[in-house]
Structure formats: structure tokens, C-alpha cells
Amino acid sequence: MSRKVFDQTLEFIRNLDRTRDAADICSQMIQAARRFGAEYLLAGTIPVPGENRRQQISNILLNQWPPEWTQRYFAHGYIFRDPAIHAVATSMSPFLWTELEPAYRRSPEARRIMEEAGEFSLRDGFTVPLVTLEGEVAGFSLAGEHLELSPSERGMLTLMATYALGRAILLRETPSRPVASLSPRECEALQWAAEGKSEWEIGERMGISEHGVDKHMRSARLKLGTTSRTHAVAEAIRQGLIS
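Residues numbered from 1 in each chain as written. Predicted model: local features only at pLDDT ≥ 70, side-chain atom pairs only at ≥ 80, totals over all residues. Heavy atoms only, no water.

Colleague: Give me the pattern of salt bridges: which residues, what numbers.
Modeller: With the rule as written, the count across this model stands at 14 salt bridges. The partner of glutamate 101 in a salt bridge is arginine 105, with the nearest N and O atoms 3.1 Å apart. For aspartate 214, the salt bridge goes to arginine 218, with nearest N and O atoms at 2.8 Å. Note that aspartate 214 and arginine 218 are positioned in helix α11 (residues 210–224) at a spacing of four residues, about one turn of the helix. (Salt bridge = Lys/Arg side-chain N within 4 Å of Asp/Glu carboxyl O. Helix = DSSP H or I, 4+ residues; strand = E, 2+ residues; numbered from the N terminus.)

See the structure below:
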């Protein structure tokens, strides 16, 4: 992996650390992979044979796949006949879908799945097999009409996919806290606090007394579930209430 590619990967990881949900992760990943021709993404753990449609879908962690194809795919039970899924389950090496062609051309069912995927602009793809800390096999796929990847870019996408999947698992397992409902004045007081202003300076800018500022700050801390001014500011930034 070249230094430039490595630096791009580190920047992606820093951005990914700030994501709040699966949609954010998908957006970051597609933005990074679009220059290679990728427009769609799907990632999740591999279902156990015999699981029903609902159970299969519950294994999805990241989903920016064409909705019509997703519906057809699970309605027809394609997952256990998909050559890409078979490759994920039997090998830990990342692969381009074109590299599977010699194998799936011998299977009419597998060939039909790949051809139907192409009807939804999923003609070319890159899949990274992964294993979670719990030992579950997972797959991370990027796809589009045509992908062009150099060896170093494949390595970069493999690292990015690994980190993105880990972030998705972390966010799923971490209970989400509801966004606090702060008043405009509470947000304003916190915004000035975030800029390092004292209570007196905040009061001057807001046209209120220091006591009034303290009242807004105490109310904001209570709503945010924090115990200090610094903690309140950090939590407000995390929730997107101030910048």
C-alpha cells in the first residue's frame, strides 16, 4: 500500500470514528469507494442454513443496496445459492466478482443470480470476507456497473471494509441515547461555553445575568445527563446540538 493510499485510509478511519449510525457509515464508505466505480454497499454476517427470511435480513449490518434487488434476493432465497456468499464462507481472501465467473458459469442457478444482480446495476463487485470477534463469518461487498481496482487499492478497501464493519457492530451493540431536547437559549449558552467564554462573558452576549446563565447551564446539564460544564459541552457536540 503506497503512502498516499495509506494516508487516505487513515483519514477515512478518522471520519468513520465520528459516524453515528449505519447510514453514516454507508455514506462515508461509498464516498471513499465511488472513484473506483462503486455505488452500492452491503455488509453483514452470513446466516445459518435453514434460517427464515426475517432471520436472514436481521444479519444485515450495512445496507445501501438497490431495494428492489434486496426484496427479490431474499424473497427467492438466493442467499444460500449466491456464488459470492459461497466464496465468503469458504475463503478469507477478498475477491472481485469477475474472479468467480469460472465457478458460477457451471451452475445455472448461480449464473442466474449474478445476471439478475446486473439488472440492478450490480454488474461488478468486490467482496471482503471477514470474521467477527464472536467467530461469525461476515461479508462486505461494494458494487456498481464496473469497478477498477489496483492491488494497493484492493488492500486499502479491505482495510476500510474491516474497520467499517467493526464500527457498524459497535454502533449496533451500543444502546443509542435519545437526543436531548434543549431550548434555544440552553444551546446558545453551551455554544458560547464551547468557545471558552466565562459565565460573565456568556451573560454579556446573551443579555442576561450570570445567574441566568447558570440556570440555563444547570438545566442543560440535567437534560444531557452530565455533571460538569465540560462534559455538557462534549455531549452537546456529540449529539449535534452545537458545533
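Colleague: Run through helix α9 (residues 184–194), naming residues and quoting values.
Modeller: Along α9, the positions that sit buried rather than exposed are Glu186, Cys187, Ala189, Leu190 and Ala193. Taken end-on, α9 shows its buried residues confined to a sector of 160°, consistent with a single buried face. Its buried side turned inward, α9 meets α10 (199–206), α11 and α12 (229–238). Within two residues after α9, glycine 196 carries a phi angle of roughly 85°, on the positive side. (Buried < 20%, exposed > 50% of the residue type's maximum accessible area, 1.4 Å probe, protein only. Arc of directions from axis to C-beta. Contact = heavy atoms within 4.5 Å.)

Colleague: Which residues make up the packing of α9 against α12, and what are the values?
Modeller: Contact geometry for α9 and α12: axes closest at 10 Å, N-to-C directions at 105°. In terms of axis orientation, α9 runs roughly perpendicular to α12. Residues Leu190, Ala193 and Ala194 of α9 form the contact with α12, whose participating residues are Arg229, Ala232, Val233 and Ala236. For the contact of α9 with α12, the per-class residue count stands at six nonpolar, no polar and one charged. (Axes fitted to C-alpha atoms, helices over the stretch in contact; angles between N-to-C directions. Parallel < 35°, antiparallel > 145°, perpendicular 65-115°, else oblique. Nonpolar A, V, L, I, M, F, W, Y, C, P; charged D, E, K, R; others polar.)

Colleague: Go over unusual backbone geometry, please, and point to the residues and values.
Modeller: Here serine 121, not a glycine, exhibits a phi torsion of approximately 70°, which is positive. Relative to the helices and strands, serine 121 resides in the loop between α7 (108–118) and β4 (124–131).

Colleague: Can you explain the packing of aromatic side chains? Please cite residues and give values.
Modeller: Geometrically, a pair of aromatic rings is defined through the distance of the ring centres and the angle of the planes. One pass over the structure, following the stated rule, counts six aromatic pairs. Each ring, one from tryptophan 65 and one from tryptophan 97, has its centre 6.4 Å from the other, and the planes form 70°; the classification is edge-to-face. Placement of the pair is tryptophan 65 in the loop between β2 (60–64) and α4 (67–75) and tryptophan 97 in the loop between β3 (95–96) and α6 (101–104), with a sequence separation of 32 residues. Judged by its relative accessible area of 8%, tryptophan 97 is buried. Ring centres 5.7 Å apart and planes at 65° place the aromatic pair tryptophan 69 and tyrosine 73 in the edge-to-face group. Taken together, the positions of tryptophan 69 and tyrosine 73, both in helix α4 and four residues apart, correspond to about one turn of that helix. The structure contains a cluster of three or more aromatic residues connected by ring pairs, namely Trp69, Tyr73, Phe74, Tyr78 and Phe120. Its end group placed over the ring of tryptophan 192, arginine 205 keeps NZ or CZ at 5.3 Å from the ring centre. (Phe/Tyr/Trp six-rings, centres within 6.5 Å; stacked < 30°, edge-to-face > 60°. Lys NZ or Arg CZ within 6 Å of the ring centre and 35° of its normal.)

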